[in-house]
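# Chain and residue survey
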Amino acid sequence: TFEVGEFPNTETVHFPKSCLHCEDPPCVPVCPTGASYKRKEDGIVLVNYDKCIGCKYCSWACPYGARELDEQQQVMKKCTLCVDRIYDMSMVEADRKPSCVKACPTSARLFGDVHDPESAVSIAIRESGGYALMPEVGHAPGQPLPAATQDAHQDSRGRTRARRQSAQGRSPVAQAGHERADPRRRHYLVGETKKCIRLSP
């Protein structure tokens, strides 16, 4: 949670952080045991807990702060994109979405196929001017963000940066910063920070 703008024209932005399932994930090559890996069939980045030794190399390599150590199990944990849920054919299609998407009371979290121009995620990116988080690090994050108020976001070191991209004449993939996106990949999670609210525990 952070503020954007200048007083008195400021606004609070709630920015949930989770694994971005990068096209080129920096957490994978640094893992000494091969516990961190990227699935060939859909590009989802996961951790094999049986191989993980909790060394935190992946956490240090991730510029988005998306990994943390489970103190009890002594393994690194991260968003799995609810991989078991989204492929569970026993569930109706409307329910085959990550839990964060289903639970969000304001529909700030969207899930779908960014390669389909008529999907909810593509429409949100196209209409809101989507951008990739911290494109300068070159990892091609797999979760595009529709532009927030003041087109600002914070990186993992807490600095606020402005990002603004024109949506004219560009495909939904390009708008999202996915020039390198694997066409086999169909699952993308999008966050609309304008809709995000913070609920007190």
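This text gives an overview of the structure that appears in the document. This one's a predicted model, so the numbers in the text were calculated from it and none came from an experiment.

Okay, the pairing of strand β1 (residues 2-6) next. Bridging between β1 and strand β2 (residues 9-13) involves 5 bridges; their strand directions are antiparallel. Paired with V4 across the two strands is E11, which belongs to β2. Between the end of β1 and the start of β2, which pair antiparallel, lie 2 residues.

Let us now look at the packing of aromatic side chains. As enumerated under the stated definition, the model contains 1 aromatic pair in all. When the centroid spacing of 5.6 Å and the interplanar angle of 35° are considered together, the rings of Y57 and W60 count as tilted. In this pair, Y57 and W60 are both assigned in helix α1 (residues 57-61), 3 residues apart and thus about one turn of the helix distant. Just above the ring of Y49 sits the side chain of K77; from NZ or CZ to the centre is 5.2 Å.

Judged by nonpolar contacts, F2, V4, V13, F15, C19, L20, C22, C62, Y64, A66, L133 and M134 together constitute the single largest core of 12 residues. Counting 10 residues, the second-largest nonpolar core is a separate cluster that includes C27, C31, V45 and M76.

What follows deals with the environment of L69. Secondary-structure assignment places L69 in strand β5 (residues 68-70). When its relative accessible area of 18% is taken as the criterion, L69 is described as buried. Dropping the residues within four chain positions of it, L69 is found in contact with G54, K56, Q74, V75 and M76.

Turning next to a nonpolar patch on the surface. A surface patch of nonpolar side chains, about 340 Å² in accessible area, is lined by V30, Y57 and W60. Within the fold, V30 resides in the loop between β2 and β3 (36-38). For V30, a relative accessible area of 32% corresponds to the partly exposed category.

Across the chain, the bulk of peptide bonds are trans and the bulk of non-glycine residues have phi less than zero. For the bond running from F7 to P8, omega is 5°, close enough to zero to count as cis. Relative to the helices and strands, P8 is located in the loop between β1 and β2. Positive phi is not limited to glycine here, since H21 has a value of about 50°. You can see H21 is positioned in the loop between β2 and β3.

Here we come to the side chain of S18. On the secondary structure map, S18 appears in the loop between β2 and β3. For S18, a relative accessible area of 16% gives the class buried. Of the polar contacts made by the side chain of S18, one reaches the side chain of R109; its length is 3.4 Å.

With that settled, consider the pattern of salt bridges. Once their charged atoms are close, side chains differing in charge can pair, the charge on each being opposite to the other. Tallied over the full model, the rule gives 4 salt bridges. The closest approach of N and O atoms between K77 and D70, which form a salt bridge, is 3.0 Å. Assessed through its relative accessible area of 22%, K77 is described here as partly exposed. What you see here is one network of salt bridges that share partners, running through R39, E41 and D42.

Quick notes on the rules
- Residues numbered from 1 in each chain as written.
- Predicted model: local features only at pLDDT ≥ 70, side-chain atom pairs only at ≥ 80, totals over all residues.
- Heavy atoms only, no water.
- Pairing = 2+ DSSP bridges.
- Helix = DSSP H or I, 4+ residues; strand = E, 2+ residues; numbered from the N terminus.
- Phe/Tyr/Trp six-rings, centres within 6.5 Å; stacked < 30°, edge-to-face > 60°.
- Lys NZ or Arg CZ within 6 Å of the ring centre and 35° of its normal.
- Core = buried A, V, L, I, M, F, W, Y, C linked by side-chain atoms within 4.5 Å.
- Buried < 20%, exposed > 50% of the residue type's maximum accessible area, 1.4 Å probe, protein only.
- Contact = heavy atoms within 4.5 Å.
- Patch = residues over 30% accessible without salt bridge, like charges linked within 9 Å, V, L, I, M, F, W, Y side chains within 5 Å.
- Areas by Shrake-Rupley, 256 points an atom, 1.4 Å probe, with all protein chains shown as cover.
- Salt bridge = Lys/Arg side-chain N within 4 Å of Asp/Glu carboxyl O.
- Polar contact = N/O pair within 3.5 Å; in protein donor to acceptor, adjacent residues only side chain to side chain.

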